[in-house]
Amino acid sequence: MKDYTVECIRCGASYPKDEIVYTCSKCGGLLNITYDYAKIDKDRIVNAKGEGVWKYAVLLPFDEHTIKPVTINEGNTPLYMSDRLAKLIGVTDLWVKHEGLNPSGSFKDRGMTVGVTKAMELGVKGVACASTGNTSASLAIFAAKAGIPSYVLLPKGKVALGKVAQAMMHGAQVFSIRGNFDDALRVVRVLCEEEKLYLLNSVNPYRLEGQKTIAFEVAEKLGWQVPDRLILPVGNAGNISAIYKGFLELKTLGITDSVPKMTGIQAEGAKPVVSAIKEGKAEITPEPKPETIASAIRIGDPVNAEKALLAIRNSGGVAESVTDEEITEAQLLLARQEGIGVEPASAASIAGLRKLVDMGVIQKDEKIVCITTGHLLKDPERAIAISETPKEVDADIDALRKVLKL
Ligand code: F0G
């Protein structure tokens, strides 16, 4: 049996592996999964065979001999060297890791493969989440694969079309909540508590264990080197916390010798983490009315804020906000300079990079990895809204020539 501990990041209280618990029952702190790192052979990471999340099973919270992963081949996403974009932005060593190329089109699959595998191990009767869209799509897919019911609560009218389609198509019970994401999360937490459903929002520490594999893949693809800086969008603040943990583990095991400056980007209308970092506060002040076109990160009260603040501060990183206009520009740039199609929230990482370079915070020669978290087709309505409308034309070459720009 592998040694790992589920413990509170604030008071250190620990919980049994078979207890369903999301936050510390003593102090309310977030939970973290830690391993007996001295017992882990680093070569089992460096020389691991296979691909994707389960390749790194030695650093996942399961008994490797008995584990039956619920998997659809998540992870192993490409890390693109992005020279054209780099030149335009004014940096020299820029990489984009496109998490939109996971099976459901977002990074959430990494967390869900681990989360739903844990759900099956626990023998729960169903799984549930609140979501700005991607989490619900991913949950519905993995629940379908596992053969268990899923329940998803979405903020009414604020979820991109592709994501709702996925949740519906894969058979989740979908609820359109009259309220925002933070309201939906509040309700689903009570539902899970009272109905004994397994909550798979990123407050669940098993989810983050899957997502930390982004760090392993980045380091591995760079020849077990760590970039100077990693930039990503922040919503509920789970992913930045997870990736930081992944880099810390590589360093603890002696595989790498540093951790990248974790750089979190939020939308101007939903930036509690950015404000707390800039104001040097120990806690965030929730934003009661978050607003942005990047609906995935339209979150005012991120549940993992405490972990995210630590990740940013302890890595020497920064946090910055970007306007919807800057997000749109970056989305178009990525699509047209690099052929990388992403949804608006993902483009926030590029918009943030651009802004921080212009401000002189990011140096020109840093090795930078931007994480693009979700695929363009998640939000087709936005893609259409910001692109030129197709011109209707008769099926005639002369008519076509009249409207065509060559
Ligand atoms: N990018 C995309 C495309 C997302 O869907 C999310 C979160 C984030 C970034 C932010 O990640 O929450 O870990 O800080 N989406 C969640 C959802 C909230 O319900 O799909 P985070």
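Here, every reference points to the structure presented above.
Residues numbered from 1 in each chain as written. Predicted model: local features only at pLDDT ≥ 70, side-chain atom pairs only at ≥ 80, totals over all residues. Heavy atoms only, no water.

1. Observations regarding the overall build of the chain
Working step 1: Across its full length, the chain carries 15 helices and 13 strands.
Working step 2: Compactness check: the chain gives a C-alpha radius of gyration of 21 Å against a globular reference of 22 Å for 406 residues, within 12% of the reference.
Working step 3: Dimensions of the chain, computed from the C-alpha atoms along their principal axes, are close to 70 × 45 × 45 Å.
Working step 4: Relative to its full complement of 406 residues, the chain shows a buried share of 57%.
Working step 5: The contacts of the chain with a sequence gap of at least 6 include a subset with a gap of at least 24, amounting to 72%. (Helix = DSSP H or I, 4+ residues; strand = E, 2+ residues; numbered from the N terminus. Rg over C-alpha atoms; globule rule 2.2 N^0.38 Å. Buried < 20%, exposed > 50% of the residue type's maximum accessible area, 1.4 Å probe, protein only. Contact = heavy atoms within 4.5 Å.)

2. Thoughts on the sheet that holds strand β12 (residues 319–322)
Each strand in a sheet pairs with its neighbour through backbone hydrogen bonds, running either in the same direction (parallel) or in the opposite one (antiparallel).
Working step 1: Taken in spatial order, the six strands make up an open sheet running β4-β5-β13-β10-β11-β12, and their pairing is mixed. Bordering the open sheet on either side are β4 (79–81) and β12, each of which pairs with just one other strand. Strand-to-strand twist across the sheet, computed as the mean angle between neighbouring axes with direction ignored, equals 25 degrees.
Working step 2: Of the pairings in the sheet, the one linking strand β10 (residues 229–233) to strand β11 (residues 261–267) comprises five bridges and is parallel in character. From the neighbouring strand, I231 faces β11, where its bridge partner is T263.
Working step 3: In the packing of helix α12 (residues 324–338) onto the sheet, the strands contacted are β4, β5 (93–98), β11, β12 and β13 (367–372), and the crossing angle to β12 comes to about 90 degrees. (Pairing = 2+ DSSP bridges. Axes fitted to C-alpha atoms, helices over the stretch in contact; angles between N-to-C directions.)

3. Let's talk about the side chain of N102
Working step 1: In this structure, N102 sits in the loop between β5 and α3 (108–122).
Working step 2: A residue is classified by how much of its surface remains accessible, and N102, at 4% relative accessible area, is buried.
Working step 3: At a separation of 2.7 Å, a polar atom in the side chain of N102 contacts the main-chain amide nitrogen of G75.
Working step 4: What N102 contacts, discounting residues up to four positions off in sequence, is E74, G75, T77, F107, D109 and R110. (Polar contact = N/O pair within 3.5 Å; in protein donor to acceptor, adjacent residues only side chain to side chain.)

4. Let's talk about the pattern of salt bridges
Working step 1: Across all of its chains, the model carries 26 salt bridges by this definition.
Working step 2: For E320, the salt bridge goes to K355, with nearest N and O atoms at 3.5 Å. With E320 in strand β12 and K355 in helix α13 (residues 344–358), this pair connects stretches of sequence that are 35 residues apart.
Working step 3: According to the relative accessible area criterion, E320 is buried, its value standing at 3%. (Salt bridge = Lys/Arg side-chain N within 4 Å of Asp/Glu carboxyl O.)

5. Section: empty space enclosed by the protein
Working step 1: Here the structure, examined in full by the defined rule, presents two cavities of 30 Å³ or more.
Working step 2: Estimates place the volume of the largest cavity at around 320 Å³.
Working step 3: In this structure, the largest cavity is lined by 27 residues; those nearest its centre are F107, K108, G235, N236 and A296.
Working step 4: Counting residues per element, the lining of the largest cavity draws most heavily on helix α9 (residues 238–252), which supplies three residues.
Working step 5: Looking at the lining of the largest cavity residue by residue, the classes come out as 11 nonpolar, 13 polar and three charged.
Working step 6: The calculated volume of the second largest cavity comes to roughly 50 Å³.
Working step 7: Along the walls of the second largest cavity sit K17, E19, I20, V21, Y22, K118, L122, Y198, N204, P205 and Y206, which together make up its complete lining.
Working step 8: In terms of residue class, the lining of the second largest cavity is built from seven nonpolar, one polar and three charged. (1 Å grid on protein atoms, 1.4 Å probe; cavity = no way out; pocket = protein on both sides within 12 Å on 5 of 7 lines; lining within 4 Å. Points joined across faces, edges and corners; volume = space filled by probe spheres on them. Nonpolar A, V, L, I, M, F, W, Y, C, P; charged D, E, K, R; others polar.)

6. Description of the side chain of E343
Working step 1: You can see E343 is positioned in the loop between α12 and α13.
Working step 2: Of the residues examined, E343 reaches a relative accessible area of 2% and is grouped as buried.
Working step 3: When neighbours within four sequence positions are excluded, E343 is seen to be in contact with N134, K163, A296, Q331, G374, H375, L376, K378 and D379.

7. Structural notes on a negative patch on the surface
Working step 1: There is a patch of like negative charges on the surface, built from E392, D394, D396 and D398.
Working step 2: Considering the arrangement of structural elements, one finds E392 in the loop between α14 (380–385) and α15 (397–403). (Patch = residues over 30% accessible without salt bridge, like charges linked within 9 Å, V, L, I, M, F, W, Y side chains within 5 Å. Areas by Shrake-Rupley, 256 points an atom, 1.4 Å probe, with all protein chains shown as cover. Lys, Arg positive; Asp, Glu negative; His and termini not counted. Charge placed at Lys NZ, Arg CZ, Asp CG, Glu CD.)

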